[in-house]
Each structure stands twice: as structure tokens, then as C-alpha cells.
Amino acid sequence: MSSGTKQHPGVILVTGGGGYVGSHTVVELLNANYAVVAIDNLSNCQVSNGKPESLNRVEKLTGKKVVFYEVDIRNKDELDRIFKMHKISNVIHFAALKSVGESTQIPLSYYENNVGGSNNLFQVMHDNGVKSLVYSSSATVYGIPLALPLTETHPTGQGCTNPYGKTKYFVEEIGKDLCSAYPDWKVVSLRYFNPVGAHPSGIIGEDPSGIPNNLMPYISQVAIGRRDFLRVFGSDYDTKDGTGVRDYIHITDLAIGHLKALEKISSPSFKGFQAFNLGTGRGYSVLEVLKAFEKASGRKVAYKLVDRRPGDIATCYSDANLAKTELNWVAEKDIDEMCRDTWNWQNNNPNGFS
Ligand code: NAD
Ligand code: UFG
């Protein structure tokens, strides 16, 4: 990562900057002397003083101001105003709805927000001559793995079983079509595996609203006493201990991956669309994560083995070699650090940002 004192030319527009991945990425961008403008519609943020609380805390953490606007990416006029006010060179696009279960209940909202919103954003970028995009994609675009580890050449779109996953896939396809139509467009799509953890300071972290869907926030809420026990979804998978296996990646490693993507996309030789996996290349079972969390927190985490969760797959982990060779990026933090930093955040902020 370049962290000299010289400011990088141009401004990085970060959509969804108040969210979990967005706020951690803004920290790394500011620390590396990028000029940042963050936008968010506040639909999934705790707000104080008209700003996401996460970004107020990013200011404390970095000692720098965060330029923030409340903007919905579905509103072209609002977006256009931001592009006219700032000399934007690149966009990092996080803004999306992200709950797999919810997407099966309100699919139209997911298509409108994630696909319609992205299409709007790309139109406004194009109109304003900004043609460089780093996109938040997901391992979910691979559907049910045909082979493991998952490489970027694995088919995408087939077997995406829920509307959320399809929106991630469709937006990648829009990015590819843009690059085919316009040779000066550049898109890097980052396919995250399972982001977990928090900034090591414990000042920002993941703050899911309501009952957490994901494993790590659920475990940490059991450890802090907000929930009674973890339900382990499935203990009869064909895995080392029968529970689901995933490739967990520390949020600061993931955030730094975006800076590496920016460096790549800004190099004159980079052209067109390219996808990269961001993962560790290692899978951990639910019970292994639980044990690691107990070790990191010194707390017992009660659990019950229950039926499989519909739509879950047994095993998913990345081949992250392309990011290593092409982006000069590797995930450095292990499962113990992921658990330690999750616990540190949870312990310092038992009720998240509120
Ligand atoms: P998040 O909900 O914490 O952050 C998303 C942010 O986008 C929120 O602050 C929300 O208010 C904002 N937003 C939503 N719709 C918007 C709109 N129409 N206009 C403006 N802002 C809007 O989620 P996250 O975990 O930080 O995820 C960020 C991105 O990473 C998403 O695109 C998600 O699909 C992708 N992703 C996340 C994970 C994960 O496990 N966290 C895994 C793979 C991919
Ligand atoms: N799990 C439990 N109990 C829980 C929650 C999860 O046993 O309360 C298990 C799941 O069955 C799975 C593993 O923990 O085996 C991980 O589940 P998560 O819900 O944390 O993550 P997923 O792999 O299901 O999905 C996540 C994001 C998706 C994203 C995908 C790949 O939620 O949006 O990673 O990036 F697409």
C-alpha cells in the first residue's frame, strides 16, 4: 500500500461509505492519502449529526475529515450534483442491500436498489467522463461450486439461487457490457468471500440491525450475552466435522484489497473488466470458528446443532492466487485475529454504534 505523504490525484467516490465494508475502506483510503467523498442513503446506518456514526468514528480514527453526502444512488440528479461538485477519478461502489433471506421476500426492491441503482450510477459516471469502477461483488456469483477452490474462471450466474446473488451477478454483467461497448471503461470486480472482524482499534466494526444473519456477529452477540445460543445450521455436511465450511477474511485485509484494485485500475496498461477473488484460500468450519472465538474472548459460546439452513452450501473457499500475482495482495490476518478484533469491537460497543 502506498502511504507516503503525497495526495493522490483525483477524488475517490465511495458509495455506501457508511456501511461495514465501506467505512473500513474509507479508513485505509484516508490513511493512504486519497481524497475521498462518501455517499450513502443511510438505509443501513446508525446516524448522528446527519452522518453515519461509522464515519464520525472514522474521523476520530484517522484525524481527517470525511466529506459525506446523503445521496441515494437511485436518484440521478443527486448523483450528478456530486460529480459536478468534485473531480472524481474513480468510483468504489459498495451501496447495496445485502440480506440473502430478505431478497427472497422483496425481490423487486433488491433489483431496483442493486441493479437499477448501479445502472443509474454507471450512467452518471459515463455522462461525467468517469470510467473507472471498483465493484463490490461476492463469491455468491459462483452459485453452487462445481470445483474447489473457486477460481475466477469458474462459471458465474448459474446456480445463483436468490435475488441478492443474482443482483451481484447482473451488475458484473453490466460492467462487462460497458467495457465491451466503450474501450476506455475499466472495471475491477472484487468477489469477497466471508468478510468478518473489525478495525483493530475497536472503534468501528460490523453493526447488523436486528438479529444477525451471519455467523461471526451472531457468535459475538452470544458471547456478550445479547443472545442465548448459536444455532449451528447443519451438522451432516460432507465436511471435516459436518458443519459448513467458509473462507473468512479479515475486514482490514479486504479493505486494503480495494486500494490494490485502485492501483491496478489506474495503471495505463489495465483495460476492460477483470474479476478478483478476495479470500484467504482457507476454509474453517462453523465449529472451528466457534472454538477460535471462545479462545479469543475467553467466553463460552453456547450452541445447538439444528437443521441445515435452506440455500446453504457445504463448502466454499477461494483460490486467491490471481489477486496475489496481479494485485500484489494477500490476506495477512488469520482466524484468531478475526475473532480477537470482532470481540474487541463487540466488547467496547455492546450495542454497536447506537
Ligand atoms: P452494509 O449494509 O453495511 O453497507 C452498504 C451501505 O450501502 C449501507 O450503509 C447502506 O445504507 C448503503 N446503501 C444501500 N442502498 C443504497 C442506495 N440506494 N443509495 C445509497 N446508499 C445505499 O453492507 P456491507 O457488508 O458493507 O456490504 C458492502 C458491499 O459489499 C455490498 O455491495 C455487498 O453486497 C457486498 N458484499 C458484502 C459481503 C458481506 O458479507 N458483508 C459479502 C460479499 C459482498
Ligand atoms: N451459520 C450458522 N449459524 C448462524 C449463521 C450462520 O451455523 O446463525 C453457518 C452457515 O450455515 C454457514 C456459515 O455459518 O455454514 C457461514 O454463514 P454466513 O451466513 O455467515 O455466511 P454465508 O457463507 O452464508 O454468506 C455470506 C454472506 C453472503 C455472501 C457470502 C459469500 O451473507 O452475502 O457470504 O461472500 F454472498
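Placed above this text is the structure.
Below, the structure is looked at part by part. Computed from a predicted model, the values in this text were never measured in an experiment.

Next up on the list: empty space enclosed by the protein. Overall, the coordinates contain 2 cavities of 30 Å³ or more when judged by the stated rule. If you add up the space inside the largest cavity, you get close to 120 Å³. Lining the largest cavity are 16 residues, with Glu206, Pro217, Ser220, Trp345 and Gln346 positioned closest to its centre. Sorting the residues of the lining of the largest cavity by element identifies α7 (215–224) and α11 (335–348) as the ones contributing at least two each. The element best represented in the lining of the largest cavity is α7, accounting for 4 residues. Here the residues of the lining of the largest cavity are counted per class, giving 6 nonpolar, 7 polar and 3 charged. In this structure, the second largest cavity spans a volume of roughly 30 Å³. For the lining of the second largest cavity, the secondary structure elements donating two or more residues are β7 (132–138) and α6 (163–181). At 3 residues, α6 tops the list of elements feeding residues into the lining of the second largest cavity.

This paragraph deals with unusual backbone geometry. Across the junction of Leu148 and Pro149, the peptide omega takes the value -5°, indicating a cis bond. As for its placement among the helices and strands, Pro149 is situated in the loop between β7 and α6. One non-glycine residue, Leu42, lies in the positive phi region at around 65°. Of note, Leu42 is situated in the loop between β2 (35–40) and β3 (47–48).

Its 19 residues give α6 an end-to-end C-alpha distance of 26 Å, which sits within 8% of 27 Å, the value for a rise of 1.5 Å per residue. Buried within α6 we find Pro163, Tyr164, Gly165, Thr167, Lys168, Tyr169, Val171, Glu172, Gly175, Leu178 and Cys179. Turning to α6, the residues buried within the fold contact α4 (100–105), α5 (107–127), β7, β8 (186–192) and β13 (272–278).

Our focus in this paragraph is the side chain of Asp341. By the element assignment, Asp341 lies in helix α11. Owing to a relative accessible area of 1%, Asp341 belongs among the buried residues under this scheme. Of the polar contacts made by the side chain of Asp341, one reaches the side chain of Arg340; its length is 3.1 Å.

Moving on to the packing of helix α1 (residues 20–31) against helix α2 (residues 53–62). One can describe the packing of α1 onto α2 by two numbers: an axis separation of 10 Å at closest approach and a directional angle of 30°. As the angle between them shows, α1 and α2 are arranged roughly parallel. Judged by the sense of rotation from one axis to the other, the crossing of α1 with α2 is right-handed. Counting all contacts with α1, which are made through Ser23, Val26, Val27, Leu30 and Asn31, the residues of α2 involved are Ser54, Leu55, Val58, Leu61 and Thr62. Considered class by class, the residues forming the contact of α1 with α2 number 6 nonpolar, 4 polar and no charged.

On to the site of ligand 1, then. Close contacts around ligand 1 come from 27 residues, with Val21, Asp40, Asn44, Tyr164 and Lys168 the closest. Side-chain polar atom of Asp40 to an oxygen atom of ligand 1: 2.6 Å apart, as the coordinates give it. One nitrogen or oxygen atom from the main chain of Ile73 is found 3.0 Å from a nitrogen atom belonging to ligand 1. For ligand 1, the accessible surface in isolation is 820 Å², of which the surrounding protein chains cover 95%. Counting residues per element, the ones that place at least two in the shell around ligand 1 are α1, β7 and α6.

As a matter of local geometry, ligand 2 sits amid 20 residues, with Ser138, Phe193, Arg231, Arg246 and Asp312 nearest to it. Taking Arg231, its main chain carries an N or O atom lying 2.7 Å from a nitrogen atom of ligand 2. Arg309 places a polar side-chain atom, nitrogen or oxygen, 2.8 Å from an oxygen atom of ligand 2. When residues in the shell around ligand 2 are grouped by element, the largest group, 4 residues, is from strand β10 (residues 230–233). Residue classes in the shell around ligand 2 are distributed as 10 nonpolar, 6 polar and 4 charged.

Okay, the pairing of strand β6 (residues 88–93) next. Of all 6 residues in β6, 5 are buried; the element is thus mostly enclosed. Summarising the sheet, strand β1 (residues 11–15) and β6 pair through 5 bridges and their orientation is parallel. Bridge pairing in β6 links Val11 to Ile88. When β6 meets β7, the two strands line up parallel, connected through 3 bridges. Across the sheet, residue His93 finds its bridge partner in β7, namely Tyr135.

Looking now at the environment of Thr342. Following the sequence through the fold, Thr342 ends up in helix α11. Judged by its relative accessible area of 6%, Thr342 falls in the buried class. A sequence separation of 140 residues divides Thr342 from Gly202, and the C-alpha atoms of the two residues are 8.0 Å apart. Ignoring anything within four residues of it in the chain, the contact list for Thr342 reads Gly197, Ala198, Met216, Ser220 and Phe293. For Thr342, the side chain forms a polar contact with the main-chain oxygen of Met338, separated by 2.6 Å.

Summed over the entire model, instances satisfying the criterion amount to 18 salt bridges. Across the salt bridge formed by Lys264 and Glu326, the nearest N and O atoms sit 3.0 Å from each other. Here Lys264 is found in helix α8 (residues 251–266), whereas its partner Glu326 is found in helix α10 (residues 321–327), with 62 residues between them in sequence. On the basis of relative accessibility, which here comes to 36%, the residue Glu326 falls in the partly exposed class. For the salt bridge of Lys300 with Glu294, the shortest nitrogen-to-oxygen distance reads 3.6 Å. Under the relative-accessibility criterion, Lys300 is labelled exposed at 67%.

Parameters and conventions
Residues numbered from 1 in each chain as written. Chains lettered and ligands numbered in written order. Predicted model: local features only at pLDDT ≥ 70, side-chain atom pairs only at ≥ 80, totals over all residues. Heavy atoms only, no water. 1 Å grid on protein atoms, 1.4 Å probe; cavity = no way out; pocket = protein on both sides within 12 Å on 5 of 7 lines; lining within 4 Å. Points joined across faces, edges and corners; volume = space filled by probe spheres on them. Helix = DSSP H or I, 4+ residues; strand = E, 2+ residues; numbered from the N terminus. Nonpolar A, V, L, I, M, F, W, Y, C, P; charged D, E, K, R; others polar. Expected span 1.5 Å × (residues − 1). Buried < 20%, exposed > 50% of the residue type's maximum accessible area, 1.4 Å probe, protein only. Contact = heavy atoms within 4.5 Å. Polar contact = N/O pair within 3.5 Å; in protein donor to acceptor, adjacent residues only side chain to side chain. Axes fitted to C-alpha atoms, helices over the stretch in contact; angles between N-to-C directions. Parallel < 35°, antiparallel > 145°, perpendicular 65-115°, else oblique. Left-handed = near helix turned anticlockwise from the far one by under 90°. Near = heavy atom within 4 Å. Areas by Shrake-Rupley, 256 points an atom, 1.4 Å probe, with all protein chains shown as cover. Pairing = 2+ DSSP bridges. Salt bridge = Lys/Arg side-chain N within 4 Å of Asp/Glu carboxyl O.

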